[in-house]
Amino acid sequence: MSIFNDIKQAYHKANIVEKIIYINVFLFLITVLLNKYIIEWFALPSNLDSFLVKPWTLVSYAFIHQNLFHILSNLLVLYYIGNLFLDFYTKKQFLNFYLLGGIFGGIVFLGYYYFIAKTVALPLAGASAAVTTIFIAIATKIPRYSLQLRFIGSVELWVLAAIWVVLSILQIANPDKGSAIAHLSGAVFGYIYAKQLSKGNDIGSWFEQLLNYFTNLLKPKKKSPFKAVYKTKKRTSTNKVSKTKQRKIDDILDKISKSGYESLTKEEKDFLFRAGKK
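Residue indices begin from 1 for each chain and proceed along its sequence in written order. In keeping with the model being predicted, local features are shown solely for residues with a pLDDT of at least 70 and side-chain atom pairs are shown and tallied solely at 80 or more, while totals for entire chains, interfaces and linings include all residues. Side-chain numbers come from the whole structure's heavy atoms, not from hydrogens or water.

K.L.:
Teacher, can you tell me more about the nonpolar core here?
P.N.:
The tendency in soluble globular proteins is for nonpolar side chains to be buried as a group. Membership of the largest hydrophobic core comes to 65 residues, with the highest contact counts inside it found for Phe-88, Phe-94 and Tyr-98. Secondary structure elements follow DSSP: runs of H or I of four or more residues count as helices, runs of E of two or more count as strands, with numbering from the N terminus. At the level of elements, helix H2 (16-33), helix H6 (68-85), helix H7 (91-117), helix H8 (128-141), helix H9 (157-170), helix H10 (178-198), helix H12 (231-259) and helix H13 (266-277) are the ones that each hand at least two residues to this core. Looking at which element gives the most residues to this core, the answer is H7, with ten residues. To form a nonpolar core, buried Ala, Val, Leu, Ile, Met, Phe, Trp, Tyr and Cys residues must be joined to one another through side-chain atoms within 4.5 Å. Under the scheme applied here, a residue whose accessible area is under 20% of the maximum for its type counts as buried, over 50% as exposed, and between as partly exposed, the area being computed with a 1.4 Å probe on protein chains only. In terms of nonpolar packing, the next biggest core, distinct from the first, is built from five residues, Ile-39, Ala-43, Ile-64 and Ala-125 among them.

K.L.:
Explain H6 to me, please; I cannot follow it from the model alone.
P.N.:
Given 3.6 residues to a turn, an α-helix orients residues that are three or four positions apart in the same direction. The terminal C-alpha atoms of H6 lie 25 Å apart, and with 18 residues this matches the ideal 26 Å at 1.5 Å per residue to within 8%. To get the bend at a residue, fit one axis to the 7 residues ending there and another to the 7 starting there, then take the angle between the axes. If you look at H6, its biggest bend is around 30°, right at Tyr-79. Any two residues whose heavy atoms approach within 4.5 Å are treated as being in contact. Lining the buried residues of H6 we find H2, H7, H8, strand E1 (146-149) and H9. Two or three places before Phe-69, at the opening of H6, Asn-67 has a side-chain oxygen 3.3 Å from that residue's backbone nitrogen. By definition here, a helix of n residues has an expected span of 1.5 Å times n minus one. Each polar contact in these results corresponds to two N or O atoms within 3.5 Å; when the atoms are within protein, one needs to be able to donate a hydrogen and the other to accept it, and residues that are neighboring in sequence are counted only if both atoms are side-chain atoms.

K.L.:
So what exactly am I meant to see when it comes to the pairing of E1 here?
P.N.:
Regular strands place their side chains on alternate faces of the sheet. Two strands are counted as paired when DSSP detects at least two bridges linking them. Where E1 and strand E2 (residues 153-156) come together, four bridges link them in antiparallel fashion. Its bridge partner being in E2, Ser-146 is matched across the sheet by Glu-156. In sequence, E1 turns back onto E2 through a hairpin of three residues, with Phe-151 there showing a positive phi of about 70°.

K.L.:
Would you mind going over a nonpolar patch on the surface with me for this structure?
P.N.:
Patches draw on residues past 30% relative accessible area with no salt bridge. Two like charges within 9 Å are joined, as are two nonpolar side chains (Val, Leu, Ile, Met, Phe, Trp, Tyr) within 5 Å. Method for areas: the Shrake-Rupley scheme with a 1.4 Å probe, in which residue coverage is limited to the protein chains shown. Salt bridge, as applied in this entry: a Lys or Arg side-chain nitrogen positioned within 4 Å of an Asp or Glu carboxyl oxygen. On the surface, a nonpolar cluster with roughly 630 Å² of combined accessible area is contributed by Leu-33, Leu-34, Tyr-37, Trp-41, Phe-42 and Trp-56. When residues in the nonpolar patch are grouped by element, the largest group, three residues, is from helix H3 (residues 35-42). Turning to its location among the elements, Leu-33 is positioned in helix H2. Judged by its relative accessible area of 68%, Leu-33 falls in the exposed class.

Following this line, the structure appears as structure tokens:
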């Protein structure tokens, strides 16, 4: 029981990226034990009629993996790129990109086999479309950000993202090209979403509101006999502080985009680090 308690505590202490990783690992272990059942009911079928019977697969497929290499490659990238993503975006925006990227990739996958290929293929399973969305989004936000890779040295983020996309393009030559099409669709979605956010247009805000609605439904309602009449004033003050902080973050990000991370002063680096941890 202590092992399960340790895992439970680790999950609750984890950030949103790590929680998604925990969920993927847990479902992978379940898939290893019940492969046929899990794939049948939670992977995304290429046949539209089958999908209409199992519409939840448009989301669930992005959490299902069938082999060890597949899940390792996805989750290693997600861990490093996802935590970098959280330095520049909020955890709710991470969920928007991850889930909407997976959904968009799944829709294109279905559309390809229904309208173009007009055939049936293996069901789609894996977080690759969602992970690609996160990867391309953060590379669009800070393309000149440099990562230190062992045995290679400093590599800018846009180069790594381009390699990731090229690998997906090469997979189109395979007979089962549906997964590659889903990955590339995630890349397109991540790029468009990030570009729109940089212009102040959050195209995923409706999805965030939808998630908030269902989250609030699941929360137990707490009754309080007292009315906190001071909350409005406090919230207004907090909002002013948040807007000032966000403007400073945006200025730092613009500086990184133009001149690279190393151009920041120590004060700016410390400020960005603290902001990413909250």
